[in-house]
Each structure stands twice: as C-alpha cells, then as structure tokens.
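Structure at a glance
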Amino acid sequence: MSAESSRFNLIEEAWIPVRKLDGARTELGIRDVLLQAKNIAVIEDPSPLVTASVHRFLLAVLYRALEGPTDIDQAKALFKAGLPTDKINAYLERWRDRFWLFDEKFPFFQIPDFEPKTWRAWTVLAAEHNADNAKVLFDHVDVTHPDAISPAAAARWLLATQTFSVSAGKSELSHTGTAPSATAAMVLPLGRQLEDTLLLSLVPQNCAVLAGDLPVWEREPESVASLKAGVKRGIAGHADRYTWRTRSIRLRGEADGSVSTLAFASGVENTTKASIDPMLGYRIDNQNGKLPIQFRERGLWRDFDSLLPDDTKLAPEVIEHATALTRFDRALFPRSVMVLGQSNNKAKIEFWRLERFALPGALLGERSIRTEIHALLADAEANQQALWRACKSFARDLLSRGERIPDAKDISRFVKQMPVSVTYWSTLEAAFHDVLRSYTTDSDPDAIRLGWLRTIRITLRNAWQQHAASVSTSDAWTIRALVRAEAHVNKQVGALKKEIQQYETHRQSQEKPA
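Described in the following lines is the structure provided in the data block.

Rules used throughout
Note on numbering: residues in each chain are counted from 1, in written sequence order. Thresholds applied to this predicted model are a pLDDT of at least 70 for local features of residues and 80 or more for the giving and counting of side-chain atom pairs; totals over whole chains, interfaces and linings are not thresholded and use all residues. Only hydrogens and water are removed before side-chain values are computed, so all heavy atoms of the structure are retained for them. The classification of residues rests on relative accessible area computed with a 1.4 Å probe and restricted to protein chains. Under 20% of the type maximum is buried, over 50% is exposed, and intermediate values are partly exposed. Strands are runs of DSSP state E lasting at least two residues, helices are runs of H or I lasting at least four, and both sets are numbered from the N terminus onward. Two residues qualify as a contact provided that any one of their heavy atoms is within 4.5 Å of a heavy atom in the partner residue. The term salt bridge refers to a side-chain nitrogen of Lys or Arg lying within 4 Å of a carboxyl oxygen of Asp or Glu. Note on ring pairs: Phe, Tyr and Trp rings are taken, using the six-membered ring of Trp, and paired if centres are within 6.5 Å. Classes follow the plane angle, with under 30 degrees stacked, over 60 edge-to-face and the rest tilted. Here, a charge over a ring is recorded when the distance from Lys NZ or Arg CZ to the ring centre is within 6 Å and its angle to the ring normal is within 35 degrees.

Quick word on helix α10 (residues 317-326)
Among the 10 residues of α10, seven are classified as buried, and the element is accordingly described as predominantly covered. Within α10, the full set of buried residues consists of V318, I319, H321, A322, T323, L325 and T326. Where α10 is buried, its residues contact α3 (72-81), β7 (186-190), α6 (194-200) and β14 (336-345).

Shown next, in the form of structure tokens:
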C-alpha cells in the first residue's frame, strides 16, 4: 500500500456531523468525536438513517477499543470514569490502515477487487435519493446524471446503506436480502452529552462473545468469487451486527476525492435471523414468534409501551441498560429517547423517521410503568372506536341517499377521508408527550390516568364537533345523518364522564383521614 493510493482516513478527516454543547455545528473524524464526546451534545444529520448508522458504527469502535464492557459492574465503572483516551488512541492507531475510504487493498467497508458490469450513481446509497425503491416528491437529484458528493458524504451514506438496505431482488452477485435490522425502529437513550449517550447504549457482552465479535474493518474483505457463490454466516456479536456487510460496494473516487459512481451489489447473508439487536424492542407474534417493533403510519407513540422494560424482556436492551446504569445516580438518567428508522413495503421504502420522547423517570422506581402506560394507550384506542362507529354511520347514511344501498368499500373510503380520527390522534399525541414527562418516581399513577381520561373525553367531543361544524350548513339529508351518527359519540362521552366521576369519588374517599 502506498501513501498516494490511500486517501481520506476516517479517523482524522472531518465527516461525522455533530452539534456541540455550545450549539456550534461541525464535522469531526472518529478520534475527535470520541475524545471530545464530553463536549458534544449530539450527532446530528438531516437523515435519520445516517444518524442511526453513525451511532451504531461508533459503538462498534468502542466495543473493540475498550474490550468490553463484559458485565454491568464494568459498565458502571466505565460510565463513571468516562471514555479512556489511551485505549481509544491505541486501538485507532492499531487499525488506522483499515479506515482509508480510498485504498487499493483495504478501502473502508468496501470490496477492493469488485469491478462491476455497470457503475451506478452514488444515489443508490441514499434512501432519500434512490429512485430504485424510494423516490421523494421534492427530490430533484437526477439519478442518471447526479452531481458528485464529497468523501465525507460518501462515508456517511456508506454506513447508512449497510445498515438500512432492503432487498430489491436484483444483483450481479448472489442475492442476500435485507440488512439485519433495516426495517425496525432503532432506539437510543440520550444522555447529557454524547459520551453518556454512547455509554448508555454500550450493552455488556460476555468475554467469549467479545473475543470473536469482529467489526468489518477487522475482517478480511470477502472475495468477489465468494460473494458470487452466496457467502453467508451468523452474527458474532454487537460490533459485527452494527457493521454488517449488507451490500458489496466499491466507491470510485475522482481526482478531488469526490464520488459520483460506485460498484453496488448484494453482500453477506445473515443466517441468524432470530438474534437480538440491543437497540430494538420486540413483540410476540402468534405465528412468527419474536418480531421487532416497526414504524407504522399511525406513529410510534401509540406503541410506546413496547419500549419500556418489564418481566417479558421484550424492551430494547439499551433502555434496560441505561436504567441499570443510572438507578443509583438519578441525575444521569436519560431524560429522552430517540427512535429512528424507516418503513418499507417489501423493497419499497415508504418513509424514514426520527421521533423523540421523554423517558419516564418512574422507570427508576419499582412500579410497572410499561403496564401503566399500556393502560393509557388502551384507553385511547378503546374510545376512538366510538368515533369510528360515528363516522361509519354518517358515511353509510349519507351514501344511501335515494334508497341506495352503499357498498362497504365505498363506506370505508369515505370514512378514511374524514378528518375526525386524524384530529383525535394528533391532539392526543401532544398530550401523551406531556404525560410521559409527568411520570416521575413520586408521581401518582391514579392522578395521571384521571387526567388522561379527561383529555380523551374533551378530545373525543371536540374532534366530532369540528366535523359537525364543517357540515352544519348542508342539506337536511346530511344533517339527519349527522344527528344519527352523533349518538355514538355522545354515548361514549357520557360513559367517560361516569368513569371519571367514579375515579374522582374513589380518590376522594382514599384521601379522607381514617
């Protein structure tokens, strides 16, 4: 390897976008990000996919540099002391030659001898610009003649595509499918600064696992012959998972270091489909067993309880780890959690998303917070059914004008375009974020639920009243349909009023002195 052939070393070059504690935004290399982590607020990129993949990449570096943690005691000591400069520097120096973005022998995360039949535009790396499976309405990049991107941007998108690629069913090498956690919602508890954030997610692994848990840069690149033959293996550990070679890529750098074209094909097939990703929450499916929580159009907040620990052990391990680390120093408890990822329909990317939530401080106590929050979300779902019945009644009666018997599909389409449910859920979403912030270790769960029921009652009534106002000047037929439909809402509002009164009476009796 010659110095002339090696360009843009990710350890020193600036490519990771960060926001410092003073609000300044800049880009840093691996060494500076890790050694300055105490002064960095967050890693912050316009793409949630880049943000998630860079965090996972840095965690993989730390697992190898720190050779741990191997248990919770070691993790607590590390969290108290902070990132050790000497170990990080020694590790990065040892593997420096594996972090060149452009190199004849070991180009970072690439296949050096991959000569494709067709060189593809760099846009294949980016979900936001990839016309193969995710064309964005206001994306004006011409994928047939795109401008070149900087090596820094190429490095970021290289990580993102390895983390989030979904199967497109075509490749000049053997077809190997989707990245291990590409379609799941990834969770990151956020600390006071980046150092805390990384250590909160550095879930311990035992010594035997750590020894063989090699990230992509510590492995020899797969040969083109083995990739054509369909190379496959199991995930060795967290560092391996976080740097999985989902795609075989080779960047073609221009003289100025920019990238406009690249080689792109399938990579290594994962044979351990059931292994646990520490950043994911799971659910039990009757037919398919344990499945990861995914983003849906309706918003992750309606499944937020799935991210909270309980005896089922289905919550993200990073949340359990963060709680264990901070249980005896509550000032360090992560006040919020970031959830990132994408939603797909087979090979088509539907959307990508980043959501933030307050993390209930009551997790540090002994109560079953997951159960309590699940009950609140169940209240919201149950009461929404009254709106659905009202909307269905209104649509059926309106479409039956002239003694016509409306088709069920027509009724369903009409209900879908009504804004009533959207108003209901969007209002409750804002209120739910307030509820999460109120869940402290000394909060009263009964008081929280009472307040939530009142919010649901008001929201239910207002959502319908907004619809009623929008059609109040219509003809007699429409008004009759509205009046009949409204009975469903009034009945539910009355039931909620009665439940609230019973709750209030019970609380008052509990508060009276014996």
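Now that the structure has been shown, the text picks up again.
Some words on the pattern of salt bridges
The tally for this structure, following the rule as stated, stands at 34 salt bridges. For D240, the salt bridge identified is with R219, shortest N-O distance 3.4 Å. Of this pair, D240 sits in helix α9 (residues 238-242) while R219 is found in the loop between α7 (207-212) and α8 (224-228), placing the two residues 21 residues apart along the sequence. Among the residues examined, D240 registers a relative accessible area of 1% and is labelled buried. A salt bridge links E372 to R367, with the nearest nitrogen and oxygen atoms 3.0 Å apart. Look at R367 and you get partly exposed, because its relative accessible area is 27%.

Structural notes on the packing of aromatic side chains
For the structure on display, the rule yields 15 aromatic pairs. Relative to F108, the ring of F99 has its centre 5.6 Å away and its plane inclined at 20°; by these criteria the two rings are stacked. On the basis of relative accessible area, F108 is assigned to the buried category, the value being 1%. Seen in terms of ring centroids, F304 and F357 are 5.0 Å apart; in terms of plane orientation they differ by 45°. Their pairing is tilted. You can see F304 sitting in the loop between β13 (289-292) and α10 and its partner F357 sitting in strand β15 (residues 348-358), a full 53 residues away along the chain. By the burial criterion, F304 is buried, and F357 matches it. Taken together, W301, F304, F357, Y424, W425, F432 and W452 form an aromatic cluster joined through their ring pairs. Its end group placed over the ring of F106, R98 keeps NZ or CZ at 3.7 Å from the ring centre.

Things to note about the environment of R356
Note on placement: R356 falls in strand β15. As a C-alpha pair, R356 and V339 span 17 residues in sequence and 6.3 Å in three-dimensional space. Contacts of R356, omitting those with residues within four sequence positions, involve L190, V337, M338 and H433.

Looking at unusual backbone geometry
At the junction of G68 and P69, the peptide bond is cis and its omega measures out at 5° in the coordinates. The residue P69 is located in the loop between α2 (48-66) and α3 in this model. With a phi close to 60°, K313 is a non-glycine residue in the positive phi region. For K313, the position within the fold is in the loop between β13 and α10.

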